Amino acid sequence: VQLQASGGGLVQTGGSLRLSCAASGPTFEGATIGWFRQAPGKEREFVGAINWDGSTKPYADSVKDRFTISRDNAKSTVYLEMNNLKPEDTATYYCAVRRFLSRPITTPRAYGYWGQGTQVTVSS
């Protein structure tokens, strides 16, 4: 499977963006998809994840009540709706397929088939 994240850009504080994660290949079916982000000099951070049936795992505290993950299985696409953006949300955002179920869902090591990432920059 290949994942491709898109939709990033430059936005002002308080603005919104919707990121897309388009998947190709059969692995998308039934898969849990996670969103992560990584700012320069920082570790990759879990944002949230969504199961095949649309149920979501708890979001990171830093994005709770501002970010929403959804998916359209017919389009093999997962979305990350980001509202009330803050400068600290500036990062490269990645999506990935959860592959290793024995590992915590919040760790990047539980995932594979990472997309190439899309840059989000929030200006103050």
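Before any of the text, the structure's been laid out above.
Source: prediction; values computed, not measured. (Residues numbered from 1 in each chain as written. Predicted model: local features only at pLDDT ≥ 70, side-chain atom pairs only at ≥ 80, totals over all residues. Heavy atoms only, no water.)

**Topic: the overall build of the protein**
Then step 1. Looking only at helices and strands, the protein has zero helices and ten strands in total.
Then step 2. The order of helices and strands in the protein, counted from the N terminus, is β-β-β-β-β-β-β-β-β-β.
Then step 3. The principal-axis extents of the C-alpha atoms in the protein amount to approximately 40 × 30 × 25 Å.
Then step 4. The 124 residues of the protein split such that 45% are buried.
Then step 5. Expressed as a percentage of contacts within the protein between residues at least 6 apart in sequence, the contacts between residues at least 24 apart total 54%.
Then step 6. About 6,300 Å² of surface is accessible on the protein, with carbon and sulfur atoms providing 46% of the total.
Then step 7. Separation of charge centres in the protein, based on 14 positive and 10 negative side chains, amounts to 5 Å. (Helix = DSSP H or I, 4+ residues; strand = E, 2+ residues; numbered from the N terminus. Buried < 20%, exposed > 50% of the residue type's maximum accessible area, 1.4 Å probe, protein only. Contact = heavy atoms within 4.5 Å. Areas by Shrake-Rupley, 256 points an atom, 1.4 Å probe, with all protein chains shown as cover. Lys, Arg positive; Asp, Glu negative; His and termini not counted. Charge placed at Lys NZ, Arg CZ, Asp CG, Glu CD.)

**Thoughts on the pattern of salt bridges**
Then step 1. Overall, the coordinates contain four salt bridges when judged by the stated rule.
Then step 2. A salt bridge links lysine 64 to aspartate 61; the nearest nitrogen and oxygen atoms lie 2.8 Å apart.
Then step 3. Owing to a relative accessible area of 39%, lysine 64 belongs among the partly exposed residues under this scheme.
Then step 4. Among the salt bridges present, the one from aspartate 89 reaches arginine 66, with a minimum N-O distance of 2.7 Å. Separated by 23 residues along the polypeptide, aspartate 89 in the loop between strand 7 (77-82) and strand 8 (91-98) and arginine 66 in the loop between strand 5 (45-50) and strand 6 (67-72) bring together distant segments of the chain. (Salt bridge = Lys/Arg side-chain N within 4 Å of Asp/Glu carboxyl O.)

**Some words on the side chain of threonine 118**
Then step 1. Checked against the element boundaries, threonine 118 lands in strand 10 (residues 118-123).
Then step 2. Among the residues examined, threonine 118 registers a relative accessible area of 9% and is labelled buried.
Then step 3. Polar side-chain contacts of threonine 118 include one of 3.0 Å to the backbone nitrogen of glycine 8.
Then step 4. Those residues in contact with threonine 118 that sit more than four places away from it in its chain are Ala5, Ser6, Gly7, Gly8, Leu19, Ala91, Thr92 and Tyr93. (Polar contact = N/O pair within 3.5 Å; in protein donor to acceptor, adjacent residues only side chain to side chain.)

**Thoughts on the sheet that holds strand 7**
Then step 1. In spatial order, the strands read 1-3-7-6; together these four strands make up an open sheet with antiparallel pairing. The outermost strands of the open sheet, each flanked by one partner alone, are strand 1 (2-6) and strand 6. Strand-to-strand twist in this sheet, taken as the mean axis angle between neighbours without regard to direction, amounts to 15°.
Then step 2. Pairing geometry for strand 1 and strand 3 (residues 17-24), over five bridges, is antiparallel. (Pairing = 2+ DSSP bridges. Axes fitted to C-alpha atoms, helices over the stretch in contact; angles between N-to-C directions.)

**A few points about the environment of serine 123**
Then step 1. Mapped onto the secondary structure, serine 123 falls in strand 10.
Then step 2. Using a relative accessible area of 26% as the deciding quantity, one classes serine 123 as partly exposed.
Then step 3. Note: C-alpha distance between serine 123 and threonine 56 (67 residues apart in sequence) is 29 Å.

**Here's the deal with the packing of aromatic side chains**
Then step 1. The final tally for this structure, using the stated rule, is six aromatic pairs.
Then step 2. Measuring from ring centre to ring centre gives 6.4 Å for tyrosine 94 and tryptophan 114, while their planes differ by 85°; the resulting arrangement is edge-to-face. With tyrosine 94 in strand 8 and tryptophan 114 in the loop between strand 9 (111-112) and strand 10, this pair connects stretches of sequence that are 20 residues apart.
Then step 3. Accessibility expressed as a relative area gives 14% for tyrosine 94, which makes it buried.
Then step 4. An aromatic cluster of at least three residues, connected via ring pairs, comprises Phe36, Phe46, Tyr94, Tyr111 and Trp114.
Then step 5. Looking at arginine 44, its charged tip hangs above the ring of tyrosine 94, at a distance of 3.8 Å from the centre. (Phe/Tyr/Trp six-rings, centres within 6.5 Å; stacked < 30°, edge-to-face > 60°. Lys NZ or Arg CZ within 6 Å of the ring centre and 35° of its normal.)

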